[in-house]
Amino acid sequence: MSEGSISKRCGCRDPGRKLLGNSCPKLRRPNGTWSPDHGLWQYQLELPVTATGGRRQLRRGSFDSYRAAADELDHARQLLALAGRDRDRRTEVANLMQAAVNARQPLPDLDSIRIRLRANVALAEAPTVAAYLTEWLTGLTIDDNTLRGYESHVRVHLIPHLGDIRLDKLKARHIKAMFTAIETRNNEIRAAKTSDDPQIRNSVRGIRPTGPSTRHGIRATLRKAINDALAEELIAGITNPATLVKTPAERTRPIVWEPERVARWQQTGQVPGPVMVWTDDLLAQFLDYAAEHDPDLHPMYHFMAYRGPRRGEACGLLDAEVRLAKKEVTINNQITTHGRTTKQKPPKSDAGNRDLVLDDDTVKVLTAYKARRNAWKLAAGADWPDTGLFFVRPDGRAWHPNLVTQRFRRLLRKAGLPPIRPHDLRHGAATMALDAGIDIKVVSEQLGHTTTTLTRDTYTSVVKRLHHEAADAVANKIKQQRRKTA
């Protein structure tokens, strides 16, 4: 293989306007050496043959000095040397150099090519984060809601903040800078919402700060995408930079609507926190009110309040999985939403597929509902749709989860009860079960949690019984000691 050569060229032309190239007489001095003040330096290097066996040379010119041309020629030789005797790899390196010259870009970095060769990954320059994430999304075969979450993270956060960075150059500091920028924007939104200027408040109407859970999801999306790039050998390395950035998802713990908090809410309209749960007295008031004013949905609300299924799981409860004689149901289906569009699918995790044992009151409510449903079906005759669902509307159609929420909110307003979300019926069921002394493992399985850690972290902060018992135990211990010393 040729070691290459360095020469000079200029822009001089002959009388016919043809370029003289390196044959211009001004390029050399009388002794044959190159003229120091005419022309520009260039180099050429024989490259490995093409895939079809054709010869080719790497040429680059317009260097102001011999040293600059010599340095790049030496760089090109070193790049070829990195590939050793591997013909395919030498061809890859040659292709990269030729592409760089054609695009008038610098030759590939030695360290990057060395790393990629050692990692046995493709040598072509890694795409930008934006280009890779866009392509990555198109190749995913996952749940629709999960895909929509990924797409939102990519479109709203990852591409705007990181899109121009080459994927193999992405560092933890870039990701940290993104989250710093997100928090800065959060502060701007919060400040604008409390501004005295109505125009400033209007500028952020409908815009919410990016919360801890969303930030955690953004990092998880990026981590997944980079892991896939590493697995497909698109980039080299053993450390995913997204794993080096911590974004703890701060769980919002439920707060109980104690009488004092209810009184304060009635005076000011202020809700103590984003996740609230009723006391058993408030829950009883709601269920009594719902039974009278919305008997079609009361059985579902009762089921959610007593056994804690998710809204989509209650809407998607299959008729064949309800065994009232045995006082049990199986959760293995749910209805998910995207706007008005709904879809039935299994629970997301294995833990979500579970059996729930029913209490006598719930069996009584569901048995009465089933009798009403049979009457609806008889009246509808051939027009009754076969949805296979347990909870249905009076015309036999499935309940849209958003409609379940809308009617729940309307009931609360009319009943004058402190506000909670339908999902908070689930929180209330867990809280009351723990407060009744039910083992946390049993409660975790009832809720479909993967581990008891989530159950413990989310709910035990609102359980008072154990704390009162602990306080009384300490006080009794002190009293006993004082009697001994009296």
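Residues numbered from 1 in each chain as written. Predicted model: local features only at pLDDT ≥ 70, side-chain atom pairs only at ≥ 80, totals over all residues. Heavy atoms only, no water.

Peer 1: Give a description of empty space enclosed by the protein that names residues and reports values.
Peer 2: In total, this model carries one cavity of 30 Å³ or more according to the counting rule given. Considered as a void within the structure, the largest cavity measures approximately 50 Å³ in volume. Taken together, Val277, Trp278, Leu283, Ala305, Ile420, Asp424, Leu425, Gly428, Ala429 and Met432 form the lining of the largest cavity. Counting residues per element, the lining of the largest cavity draws most heavily on helix H15 (residues 422–435), at five residues. Counted by class, the lining of the largest cavity contains eight nonpolar, one polar and one charged residues. (1 Å grid on protein atoms, 1.4 Å probe; cavity = no way out; pocket = protein on both sides within 12 Å on 5 of 7 lines; lining within 4 Å. Points joined across faces, edges and corners; volume = space filled by probe spheres on them. Helix = DSSP H or I, 4+ residues; strand = E, 2+ residues; numbered from the N terminus. Nonpolar A, V, L, I, M, F, W, Y, C, P; charged D, E, K, R; others polar.)

Peer 1: Account for the packing of aromatic side chains, naming residues and giving values.
Peer 2: All chains considered together, the criterion is met by 15 aromatic pairs. Aromatic ring contacts, followed pair by pair, group Phe303, Tyr369, Trp376, Phe390 and Phe391 into a single cluster. For the cation-ring pair, Arg28 lies above Trp34, with the distance from its terminal atom to the ring centre recorded as 3.7 Å. (Phe/Tyr/Trp six-rings, centres within 6.5 Å; stacked < 30°, edge-to-face > 60°. Lys NZ or Arg CZ within 6 Å of the ring centre and 35° of its normal.)

Peer 1: Could you give an account of the pattern of salt bridges, with specific residues and numbers?
Peer 2: Counted according to the given criterion, the structure contains 24 salt bridges. Note that Arg60 is salt-bridged to Glu72, the shortest N-O span being 2.7 Å. In this pair, Arg60 is assigned in strand S3 (residues 56–63) and Glu72 in helix H1 (residues 66–82), connecting sequence segments 12 residues apart. Notably, a salt bridge pairs Asp319 with Arg373, separated by 3.1 Å at the nearest N-O pair. Of this pair, Asp319 sits in the loop between helix H12 (311–315) and strand S6 (322–323) while Arg373 sits in helix H13 (residues 360–380), and the two are 54 residues apart along the sequence. For Asp319, a relative accessible area of 26% corresponds to the partly exposed category. A network of salt bridges, in which partner residues are shared, links Glu321, Arg323, Glu328 and Asp355. (Salt bridge = Lys/Arg side-chain N within 4 Å of Asp/Glu carboxyl O. Buried < 20%, exposed > 50% of the residue type's maximum accessible area, 1.4 Å probe, protein only.)

Peer 1: Tell me about helix H3 (residues 110–118), and name the residues and values.
Peer 2: Think of an α-helix as turning once every 3.6 residues; residues three or four places apart then point the same way. Along H3, the positions that sit buried rather than exposed are Leu110, Ser112, Ile113, Arg116 and Leu117. The buried residues of H3 occupy an angular sector of 165° when the element is viewed end-on, so they sit on one face. Contact partners of the buried residues in H3: H1 and helix H2 (87–102). Its side-chain oxygen placed 3.2 Å from the backbone nitrogen of Asp111, Asp109 serves as the N-cap of H3. Looking one or two residues beyond H3, the residue adopting positive phi is Asn120, at roughly 60°. (Arc of directions from axis to C-beta. Contact = heavy atoms within 4.5 Å. Polar contact = N/O pair within 3.5 Å; in protein donor to acceptor, adjacent residues only side chain to side chain.)

Peer 1: Account for the pairing of strand S8 (residues 334–338), naming residues and giving values.
Peer 2: Strand direction decides the pairing type here: S8 and strand S9 (residues 341–345), joined by five bridges, are antiparallel. In the sheet register, Ile335 faces S9, and the bridge partner there is Gln344. Once S8 ends, the chain turns through two residues before running back antiparallel as S9, passing Gly339 with a positive phi of about 70°. (Pairing = 2+ DSSP bridges.)

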